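Structural overview
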Amino acid sequence: MNTNSARLRRLSVAGSLAVGATLLLAGPASAHVSIPGTAEKGGYGTIALKVPNEKDDASTVKLEVTLDPKHPLSSVMPQPVPGWDVKVEKSKLDKPLQTHGKTITEAVTKITWSGGKIEPGQFQQFPLSVGQLPTDADELVFKALQTYSDDEVVRWIDPSKPGGHEAEHPAPTLKLVEKTSPDHHDKNAKSDKNSDAEDDKGEATASDAGDKDASDTTARVLGIVGIVVGVAGAAFGIVAGRRRNA
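Residue numbering note: each chain is counted from 1, following its sequence as written. Restriction of local features to residues with pLDDT of at least 70 applies here, the model being predicted, together with a cutoff of 80 or more for giving and counting side-chain atom pairs; totals for whole chains, interfaces and linings are based on all residues. Hydrogens and water are ignored here; the side-chain numbers use all heavy atoms of the structure.

Topic: the pattern of salt bridges
- Salt bridges are identified by distance alone: a Lys or Arg side-chain nitrogen within 4 Å of an Asp or Glu carboxyl oxygen. A full pass over the atoms with the stated rule returns seven salt bridges.
- When the shortest N-O distance is used, the salt bridge between Glu 152 and Lys 55 registers 2.2 Å. Within this pair, whereas Glu 152 is found in the loop between strand 9 (143-148) and strand 10 (153-156), its partner Lys 55 is found in the loop between strand 2 (45-52) and strand 3 (60-66), the two being separated by 97 residues in sequence.
- A salt bridge links Lys 175 to Glu 139; its shortest N-O distance comes to 3.1 Å. To qualify as a helix, a DSSP run of H or I must reach at least 4 residues; to qualify as a strand, a run of E must reach at least 2; elements of each kind are numbered from the N terminus.

Right, dumping it as structure tokens:
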């Protein structure tokens, strides 16, 4: 009995250690700089870099983001983040962009946020308005450097691995999807048209019903008038006959 109890205790301790080690390994991998959500190809949108603090004894004090040089964007505008300063850097394009009838010769290539703090156990979002998004790509890569108050720099620049396996420090990636079909607008227009037709039909029916009611009322009135005239005529005839007899 004592031997079995000792074995069970050893197995329990070993299992707890294994679970703890698994959680420690999984923790940092799941708390990386990322871009949640998706955006439509060829459009404009607002995205947000989500930056968690992975340390217990230091704060995040700077974030540097480099845009994908293969797919330059004609418009990149950061939203002010309270407590943080932002610096936007542009570079000359090897191949100018044509958008909305304009020629773009330079584009934003790097954005740096500094001066603020992301305390341990917290995260911060850094929003960006971006466009025009490419139509010939399924994703945009935003390489990021996260600097801590103890001078450690975590480089979130690793490309995604084949087979869906996550890299140790994956680069934040914006997934691009096809534009939604405009058919729903046609359906709505068709629905509105049908609704208008039904309303017209309803109004016509109500008008017909009103005319019918008016006709019925007129007929009743004329009938009553006829009866009254008939009764009056009969009474007049009786009185006249009595006078002749007298």
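There is more to say after this.
Brief notes about the packing of aromatic side chains
- Working definition: rings of Phe, Tyr and Trp (its six-membered ring) pair if their centres are within 6.5 Å, and the pair is stacked with planes under 30 degrees apart, edge-to-face with planes over 60 apart, and tilted otherwise. Inspection of every chain in the model, using the stated rule, returns two aromatic pairs.
- Between Trp 84 and Phe 126 the ring centres are 5.2 Å apart and the planes differ by 90°, which places this aromatic pair in the edge-to-face class. With Trp 84 in the loop between strand 4 (75-78) and strand 5 (85-99) and Phe 126 in strand 7 (residues 123-131), this residue pair connects regions lying 42 residues apart in the sequence.
- Given the relative accessible area of 10%, Trp 84 is considered buried.
- The classification of residues rests on relative accessible area computed with a 1.4 Å probe and restricted to protein chains. Under 20% of the type maximum is buried, over 50% is exposed, and intermediate values are partly exposed. Its relative accessible area of 0% is what places Phe 126 among the buried residues.
- Taking 4.9 Å as the distance between ring centres and 45° as the angle between the ring planes, the aromatic pair formed by Trp 113 and Phe 126 counts as tilted. Of this pair, Trp 113 sits in strand 6 (residues 102-118) while Phe 126 is found in strand 7, placing the two residues 13 residues apart along the sequence.
- With a relative accessible area of 1%, Trp 113 lands in the buried category.

Topic: the environment of Gln 122
- Take Gln 122: it is sitting in the loop between strand 6 and strand 7.
- Judged by its relative accessible area of 44%, Gln 122 falls in the partly exposed class.
- Through-space distance from the C-alpha of Gln 122 to that of Thr 60 is 9.7 Å; in sequence the pair is 62 residues apart.
- Throughout, a contact is declared for two residues whenever any of their heavy atoms are within 4.5 Å. Apart from the residues within four sequence positions on either side, Gln 122 is in contact with Val 51, Pro 52 and Asn 53.

Some remarks on the nonpolar core
- The set of buried Ala, Val, Leu, Ile, Met, Phe, Trp, Tyr and Cys residues whose side-chain atoms join them within 4.5 Å is what this entry labels a nonpolar core. Counting residues in hydrophobic clusters, the biggest one holds 31 residues, and the most contacted among them are Trp 113, Phe 126 and Leu 174.
- Those elements that place two or more of their residues in this core are strand 2, strand 3, strand 6, strand 7, strand 9, strand 10 and strand 11 (173-177).
- Sequence-distant contacts of Phe 126, that is, excluding residues within four places in its chain, are made with Ile 47, Ala 48, Leu 49, Val 51, Leu 63, Val 81, Trp 84, Trp 113 and Ile 118.

A closer look at the pairing of strand 10
- Covered by surrounding structure in strand 10 are Val 154 and Trp 156 only, the residues Val 153 and Arg 155 on the alternate face being uncovered.
- Bridge analysis of strand 9 against strand 10 gives four bridges, and the strand direction is antiparallel. In the sheet register, Gln 146 faces strand 10, and the bridge partner there is Val 154.
- Pairing between strands requires that DSSP locate at least two bridges from one strand to the other. Adjacent in sequence and paired antiparallel, strand 9 and strand 10 are bridged by four residues, among which Asp 151 carries a positive phi angle near 75°.

Notes on the side chain of Glu 64
- When you line up the elements, Glu 64 lands in strand 3.
- For Glu 64, a relative accessible area of 15% gives the class buried.
- Among the polar contacts made by the side chain of Glu 64, one reaches the side chain of Lys 110 at a distance of 3.2 Å.
- Ignoring any residue separated from it by four or fewer positions in sequence, one finds Glu 64 in contact with Lys 110, Ile 111, Thr 112, Lys 143, Ala 144, Leu 145 and Thr 147. Pairs of N or O atoms are called polar contacts if they sit within 3.5 Å, as long as, within protein, a hydrogen donor faces a hydrogen acceptor (for residues adjacent in sequence, only side-chain-to-side-chain pairs).

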